[in-house]
Amino acid sequence: MNRESSGYTIIYASVMVVIVALGLAFTHQVLSDKQIANENTDKMQQILRSLNLEVTAADTQNKYSELVKNAYLVNDEGKRLEGTEGITPDDPAFSTELGDAQAKGLPVYEAEVDGSTKYIIPMSGTGLWGAIWGYLAIEADGSAIYGSEFGHAGETPGLGAEIVTPHFRNQFQGKNLFRENEFTSVAVVKPGQTNTRRDYVDGISGGTITSKGVDDMLLNSVGRYKNFLMNLRTANQ
Amino acid sequence: MALSSKTKAVLLGPLNKNNPVIVQVLGICSALAVTSKLEPSIVMAIAVTIVVAFANVIISLLRKSIPNRIRIIVQLVVAAALVTIVSEVLAAFAYDVNKQLSVFVGLIVTNCILMGRLEAFALGNGPWPSFLDGIGNGLGYGAILIVVGFFRELLGSGTLLGYPVIPQGLYDAGYENNGLMMLAPMAILLVACIIWVHRSKNKELQEETN
């Protein structure tokens, strides 16, 4: 058959596309269970890191079930939604994404570390090149930060991507989200600058837009939990 | 197994006198993007080597049946399929590495070296030489990436593979990391320095000047 005829070309292209599509679909099907398990482990690892714990992927499952006592959804008023409790990947708190418009509520994880309860909430925002996200572990008083964890889709290595380093994350420990009963969140400022109105941490030199993204994320994502955190404050005062 | 001199030239040429980055000046875009740290440079070098080698083999096997008019499309589909498979496998078995490279794995498709080798070599040669050609070019590209990544991480962050190597005493004496090294323009200056050294050692590569 003539290799340059239109008929051959069209058949060649169609057959090739079908074979490639089948091959990719098959690969995805075979690997997807493992990928989903990896994603769940990764999420648990992030939650544990917000509690200042660095665990290997193999230990994650055990450590997670040991520390995380409860998880549930809360509504905008900060009230717990009945029937949403459960910490496994199939339960609503784990599978709900913060930015999801269909979500019934906002996920909250309760962990017990050394006898005291920490509340872990997810965050999501935008950096310079794409999405950034994180988890914030808050003390039972609803204001002091116990630990934090950040992740990003594709910030610049060495600049914006530095938000994942302990050096940046650990600065948040002990900062307060509330000042005089007013939700102020924690500001991320240029290194060397200060902020008199809010608690603040140093941003990343050369990663100004990512730092600003973290600042906005802390204000907006955590802001959605304002009432939940207020309820914690009143309950514990 | 002894390699014939022709096979040797195919495999080792790209490491020196026919280097894709510093002689042919291909693949510069990703050389700038991923080299601010050493680790992503190494993983990227491995990923590109694997993809170029296997894409070369597949195109070489198909070379007698590909209609000339759509050959670029066929190459692109093969390259894209391989890159997708690599990224799926990484997501299943090396989740952390995959997360670190994020978009750059997908961007291997647009790497000029990949399409260049498919078009220039695999279409006209058998599967075995094509495989060696892919390995050679991947390594030639990777070597430059690793050298650039080494210097950028060392001078820009004072670390190598994330471990601090500059002694604290030097910082106390007033040494500072060079933040400029983190920015893409410094990668191109480093590549230029490598080209300078390379050309002064290989006089036959120097262009005639009037």
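## Remarks on the overall build of chain A
Thought 1: Helix and strand counts for chain A stand at six helices and nine strands.
Thought 2: Expected size for 237 residues packed as a compact globule is a radius of gyration near 18 Å; at 22 Å, chain A overshoots this value by more than 25%.
Thought 3: In terms of principal-axis extent, the alpha carbons of chain A reach across some 85 × 45 × 35 Å.
Thought 4: In chain A, buried positions account for 33% of the 237 residues.
Thought 5: Across chain A, every contact between residues at least 6 apart in sequence was considered, and the portion connecting residues at least 24 apart equals 51%.

## Describing the interface of chain B and chain A
Thought 1: Between chain B and chain A, the residue contacts involve 23 residues of the former and 24 residues of the latter.
Thought 2: For the side of chain B that touches chain A, the elements supplying multiple residues, two or more each, are helix H4 (71–93) and helix H8 (127–157) of chain B.
Thought 3: The element that contributes the greatest number of residues to the side of chain B that touches chain A is H4 of chain B, accounting for nine residues.
Thought 4: Residue composition of the side of chain B that touches chain A, by class: 13 nonpolar, seven polar and three charged.

## Description of the packing of helix H3 (residues 38–62) of chain B against helix H7 (residues 112–120) of chain B
Residues and elements named next belong to chain B.
Thought 1: Direction vectors running N to C along H3 and H7 enclose 25 degrees, while the axes themselves pass 9 Å from each other. Classified by the angle their axes make, H3 and H7 are roughly parallel. Regarding H3 and H7, the two cross each other, and that crossing is right-handed. Every residue of H7 that contacts H3 at Val51, Val52, Ala55, Asn56 and Ile59 is listed here: Ile113, Leu114, Arg117 and Leu118.
Thought 2: Taken together, the residues that form the contact of H3 with H7 break down as seven nonpolar, one polar and one charged.

## Re the environment of Glu180 of chain A
All names here are of chain A.
Thought 1: Relative to the assigned elements, Glu180 resides in the loop between strand S6 (178–179) and strand S7 (182–183).
Thought 2: Among the residues examined, Glu180 registers 5 C-beta atoms within 10 Å and is labelled exposed.
Thought 3: Note: C-alpha distance between Glu180 and Ala58 (122 residues apart in sequence) is 43 Å.

## Examining the sheet that holds strand S2 (residues 106–113) of chain A
All names here are of chain A.
Thought 1: Taking strand neighbours across the sheet as the criterion, the five strands line up as S1-S2-S3-S4-S5 in an open arrangement whose pairing is antiparallel. Strands at the two margins of the open sheet, each flanked by one partner only, are strand S1 (68–74) and strand S5 (145–152). Strand-to-strand twist across the sheet, computed as the mean angle between neighbouring axes with direction ignored, equals 20 degrees.
Thought 2: In this sheet, strand S4 (residues 131–139) lies alongside strand S3 (residues 116–126) in antiparallel orientation, the contact comprising nine bridges. By the bridge assignment for S4, Tyr119 is matched with Ile138.
Thought 3: Sitting on the sheet, helix H5 (residues 208–223) touches S3, S4 and S5, and the angle it makes with S3 is about 125 degrees.

## Thoughts on the pairing of S1 of chain A
Residues and elements named next belong to chain A.
Thought 1: The buried fraction of S1 is high, at five of seven residues.
Thought 2: Examined bridge by bridge, S1 and S2 share six bridges and lie antiparallel to one another. Considered in S2, the bridge of Tyr72 is made with Val108.

## A word on the nonpolar core
Thought 1: Val108, Ile120, Ile121 and Leu136 of chain A together with Val51 and Ala55 of chain B are the most contacted members of the largest nonpolar core, which has 96 residues in total.
Thought 2: Of the residues forming this core, the biggest block, ten residues, is contributed by H3 of chain B.
Thought 3: Once residues within four sequence positions are removed from consideration, Val108 of chain A is found in contact with Ala71, Tyr72, Val74, Ala93, Tyr119, Ile121 and Phe228 of chain A.

## Some remarks on the confidence of the model for chain B
All names here are of chain B.
Thought 1: Confidence in the prediction of chain B, expressed as mean pLDDT, is 85, and 97% of residues score 70 or more.
Thought 2: Here helix H5 (residues 95–101) is the element of chain B with the lowest mean pLDDT, 73, and H8 is the one with the highest, 91.
Thought 3: Interface confidence in the predicted complex, given as ipTM, is 0.73; pTM for the same model is 0.73.

What counts and how
- Residues numbered from 1 in each chain as written.
- Chains lettered and ligands numbered in written order.
- Predicted model: local features only at pLDDT ≥ 70, side-chain atom pairs only at ≥ 80, totals over all residues.
- Helix = DSSP H or I, 4+ residues; strand = E, 2+ residues; numbered from the N terminus.
- Rg over C-alpha atoms; globule rule 2.2 N^0.38 Å.
- Buried ≥ 20, exposed ≤ 12 C-beta atoms within 10 Å, placed from the backbone.
- Contact = placed C-beta atoms within 7 Å.
- Nonpolar A, V, L, I, M, F, W, Y, C, P; charged D, E, K, R; others polar.
- Axes fitted to C-alpha atoms, helices over the stretch in contact; angles between N-to-C directions.
- Parallel < 35°, antiparallel > 145°, perpendicular 65-115°, else oblique.
- Left-handed = near helix turned anticlockwise from the far one by under 90°.
- Pairing = 2+ DSSP bridges.
- Core = buried A, V, L, I, M, F, W, Y, C linked by C-beta atoms within 7 Å.
- pLDDT = per-residue confidence, 0-100.

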